[in-house]
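Inside the fold
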Amino acid sequence: MASLKLSFYVDKSWESKKLNFTVKALNFSESKCLFPSFLGCGYVGGAFVVNPFCNLKHIRVSRLETEELETSELSLDGERVDNFEGDLGNESLVSERLNLGGVSQKGKFNVWKRFRRVKRVAKDSKYRSSFRKEDRNHGMQEKTKVLFDEISDENVIGSPNGVDFDVGNIGSDSSLEHCNAILKQLESGDDGKALSFFGWMQKNGKLKQNVTAYNLILRVLGRRGDWDGAEAMIKEMTLESGCELTYQIFNTLIYACHKKGLVELGAKWFHMMLENGVQPNIATFGMLMALYQKGWNVEEAEFTFSKMRSLKIMCQSAYSAMLTIYTRMRLYDKAEEIIGFLREDEVVLNFENWLVLLNAYCQQGKLTEAEQVLASMKQSGFLPNIVAYNTLITGYGKISNMRAAQCLFGDLKRVGVEPDETTYRSMIEGWGRADNYEEARRYYVELKRIGHKPNSSNLYTMLNLQVKHGDEEDVVRTVEEMMHSGSEKSTVLGIILQAYEKLERIHKVPSILRGSLYDHVLRNQISCSSLVMAYVENNMIDDALKVLREKRWEDALFEDNLYHLLICSCKDFGYPENAVKVFTCMPKSYKPNLHIICTMIDIYSTINNFAEAEKLYLMLKNSDVKLDMITFSVVVRMYVKSGALEEACSVLDAMEKQKNIVPDTYLLRDMLRIYQRCDKQDKLADLYYKLVKRGVIWDQEMYSCVINCCARALPVDELSRLFDEMLKHGFLPNTVTFNVMLDVYGKSRLFKRAREVFSMAKKRGLADVISYNTLIAAYGRSKDFKNMSSTVKKMHFNGFSVSLEAYNCMLDAYGKEGQMEKFRNILQRLKESGHSSDHYTYNIMINIYGELGWIEEVADVLTELKESGIGPDLCSYNTLIKAYGIAGMVESAVDLVKEMRKNGIEPDRVTYANLINALRKNDMFLEAVKWSLWMKQIGL
């Protein structure tokens, strides 16, 4: 807290002695032992709760928190507010925002009939005022006696069934004092008769400027919770009866809100009070701040406190309440401001103020300042009590300074103060926080020895210490105590799991769960699920399955959901084998659970057990269960991962037949990739146009995927439009997309667009070796040798070594054009570059030499190919057969087919086509026909 020089004043009863002290280094006189916590306040969860209207009482301290006390009688600064006397000037009140200062409505209001059945408000809520206009054309009748019907709350004049209230006659000529006296009697005894008599007074003109009567009836309405009626009554006071609104009127309603704990409603009455120009008194602020403290309403408390100070009203309990609220909400800087206001406003500190100030420091762990506050408190004449000691002990415990707490505990009897149960509880908590099991256990045993029961916080502290120190038998005893003390078994189980999980000793839990607690786990599905989830998370799958086998609750839907959660948890925690165990132990069901089966297909795919995954899919397929989009996605990815692309396509076909399935973005991209890999160009085109028609949201990933996969399926104009649209929407293509567009434009001989795309990629640093190779190949196919050579030079100049692919492109281009000198040149440069020739290189050489009929060179290349270790591939054999056919070596061509099969390479349609062409060229038509028939027979 900031250093403040405070000057506090004490009452004359304490010799009006002025004390100067600083609130950081508060210049209190030195004192060894100090004592805080105040009467009407206590500790609950770390914050100090103040009841500014309570009588002096001892309160219990538990875990640095305060307990709010219920009081049967309220008093504020010496003014009684539980009984209304005279003009009720001593009542404290709160307000509801309502503008009564606006334009008044014409006509009059009759609010009496509505009181026969008064609404009650059980909760604090924002209500709407409802003023109902009613004609009041009932003539006033002369009466000699007022009788009250016992059956209804209406007043009945001269009714033979009525009950005579007053001995004397009460008529229209009765005095206001007499009527008010009767109303006061009725108000304290019977709300219904009070309302009826008030209605009689209204009809007989007894309410003109009669503030007392209105005040009494507002008490009735406040008790009954008829806030709309109270609002209407206040309006009637000013519009019909000519009464001046005073703080007593609003205090009455605020007091009712205070008793019921209606925070927002009380605040609204206060705002209405201010809007009508009524100045609150000290009681108003006292009750309001107590109400806000009860509801922890910081915003309204700040507004009310600020208003109090601006009006120069000094309510001691309001300062305490504001400081308590800030302390409880851990707004310590603002709490410091309130301490500054105590000095600035020269507040005469009472016992409550001192204790709240002391508590504010203890809650922050600033025990030095707390000791200084206590020293000044003693100088002011306030003697310490056990509450003060408990507060300091709790504060020391919070900062784990148990040496000071122990010293303070030892000094209690020396100063004539006996420790109470709260003292022992605070010591237990302090030693627990200091992780001293032996000392905590000693005070725990002593607390029980003197006849007190440990509270839930003590039990929780001891349980955590016992778990940490491995005292399993004591853990069992503490658990039994927790259950005997009334703690819910589910709560106890949660505490046990939390304690053991924190120390990573969850494997100890099975030995702890015994008797009634374990029986509760088996019978309660929530506790059962919590326990098995904890086991699964810690890889204790056998223990989890044991609990599931022994459970005694029946709920098929909940059980399915639990098993699904366990399976997903096993997967998420990296235990797929445990998920398989859980799935295997599931109760058999006549109808498979789609979500569980889907998850298991995904898990089996993860561990590459595709056979089991496919079995589950086929089971679903053959059942009556309709697959959803997620299941189709999982199955498709399972087949893709296993390499079964055709099966993946069949799943997609089955999905298309279910008209209600709408693939999401991820599945759509998977479909595009699968169709591309399966070379299903028609499927790709159909899917693309469906995407366009459906109005799918296109992001960068979707644009890239469509362009990359549909490059061969769509016309170049459509691809170009899509690429331009992608750029227009601000999406940056990746390197693959740039290269695809280079290839598309190159094959379409759109070299201007190709150069634009290449330049764009280069500027963005996305041009790679493949980009150069693609452009070189495009120029080579178009026999644009100048640009091809230029691109190769640029490739080398820009730091890229000329790749094998580039050499292959140049070899193919020069060879097919018959420029054999340049072909040999490139071949020599390839050898000098250090690149090893690949299948594509050898196949180009075989093809070029074969086309020229250079069979010796073909034989040399084949020998080199075999000696390189990579051997001929399908393309190599096909090219060789073609070359042998051109050279008239038909038998060698036929032998190549046999060699292919021997080497495990299955001939394709091109193989047989080349062989048949070779036979025909060499006039072996009969053999050609035989091979042609063989092709048809094998389906080629």
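Predicted model, so just to flag it, every value in this text is computed and none were measured.

Quick look at the pattern of salt bridges now. Scanning all chains against the criterion turns up 36 salt bridges. With a shortest N-O distance of 3.4 Å, D679 and R712 are connected by a salt bridge. Of this pair, D679 sits in the loop between α30 (665-677) and α31 (681-694) while R712 sits in the loop between α32 (700-709) and α33 (716-728), placing them 33 residues apart in sequence. The exposure class assigned to D679 is partly exposed, which follows from its relative accessible area of 42%. You can call R712 exposed: its relative accessible area is 64%. Put simply, E927 and K930 hold a salt bridge, and the shortest N to O gap is 3.8 Å. Placement of both E927 and K930 in helix α45 (residues 925-937) is noted, with a separation of three residues, approximately one turn of the helix.

Looking now at the layout of surface pockets. Quantified by volume, the second largest pocket comes out at close to 380 Å³. Those elements that provide at least two residues to the lining of the second largest pocket are α15 (421-433), α17 (456-468) and α19 (489-502). The element best represented in the lining of the second largest pocket is α17, accounting for six residues. By residue class, the composition of the lining of the second largest pocket is six nonpolar, four polar and six charged.

Another aspect to go through is the confidence of the model for the protein. The predicted structure's coordinates, where accompanied by low pLDDT, should not be read in detail. In this model, the protein carries an average pLDDT of 81, and 82% of its residues clear a pLDDT of 70 or more. With pLDDT under 50 throughout, residues 1-168 is counted as low confidence; its partners more than four residues away or in other chains account for 525 contacts.

With that settled, the discussion passes to a negative patch on the surface. On the surface, E856, E857, D860, E864 and E867 cluster together into a patch of negative charge. Considering the arrangement of structural elements, one finds E856 in helix α41 (residues 855-867). By relative accessible area, which is 62% here, E856 ends up exposed.

Attention now moves to the nonpolar core. With 276 residues, the main nonpolar core has W269, I496, I601 and F823 as its most contacted residues. Among the elements that take part in this core, helix α11 (residues 351-364) stands out by supplying nine residues, more than any other. The residue makeup of this core includes at least three contributed by each of domain 1 (733-828) and domain 2 (836-939).

This part is about the packing of aromatic side chains. Throughout the structure, instances matching the rule amount to 25 aromatic pairs. Plain terms: the ring middles of W553 and F558 are 5.4 Å apart, the flat faces sit at 85° to each other, and that makes the pair edge-to-face. Stacked on the ring of F341, the Lys or Arg R309 has its end atom at 3.8 Å from the ring centre. The ring of Y443 has R442 lying over it, and the distance from NZ or CZ to the ring centre is 4.7 Å.

Its 13 residues give α30 an end-to-end C-alpha distance of 19 Å, which sits within 8% of 18 Å, the value for a rise of 1.5 Å per residue. Listed as buried for α30 are L667, L668, R669, D670, M671, L672, I674 and Y675. Just downstream of α30, D679 is the residue with a positive phi angle, here 60°.

Thresholds applied
- Residues numbered from 1 in each chain as written.
- Predicted model: local features only at pLDDT ≥ 70, side-chain atom pairs only at ≥ 80, totals over all residues.
- Heavy atoms only, no water.
- Salt bridge = Lys/Arg side-chain N within 4 Å of Asp/Glu carboxyl O.
- Helix = DSSP H or I, 4+ residues; strand = E, 2+ residues; numbered from the N terminus.
- Buried < 20%, exposed > 50% of the residue type's maximum accessible area, 1.4 Å probe, protein only.
- 1 Å grid on protein atoms, 1.4 Å probe; cavity = no way out; pocket = protein on both sides within 12 Å on 5 of 7 lines; lining within 4 Å.
- Points joined across faces, edges and corners; volume = space filled by probe spheres on them.
- Nonpolar A, V, L, I, M, F, W, Y, C, P; charged D, E, K, R; others polar.
- pLDDT = per-residue confidence, 0-100.
- Contact = heavy atoms within 4.5 Å.
- Patch = residues over 30% accessible without salt bridge, like charges linked within 9 Å, V, L, I, M, F, W, Y side chains within 5 Å.
- Areas by Shrake-Rupley, 256 points an atom, 1.4 Å probe, with all protein chains shown as cover.
- Lys, Arg positive; Asp, Glu negative; His and termini not counted.
- Charge placed at Lys NZ, Arg CZ, Asp CG, Glu CD.
- Core = buried A, V, L, I, M, F, W, Y, C linked by side-chain atoms within 4.5 Å.
- Domains from an automatic or database assignment.
- Phe/Tyr/Trp six-rings, centres within 6.5 Å; stacked < 30°, edge-to-face > 60°.
- Lys NZ or Arg CZ within 6 Å of the ring centre and 35° of its normal.
- Expected span 1.5 Å × (residues − 1).

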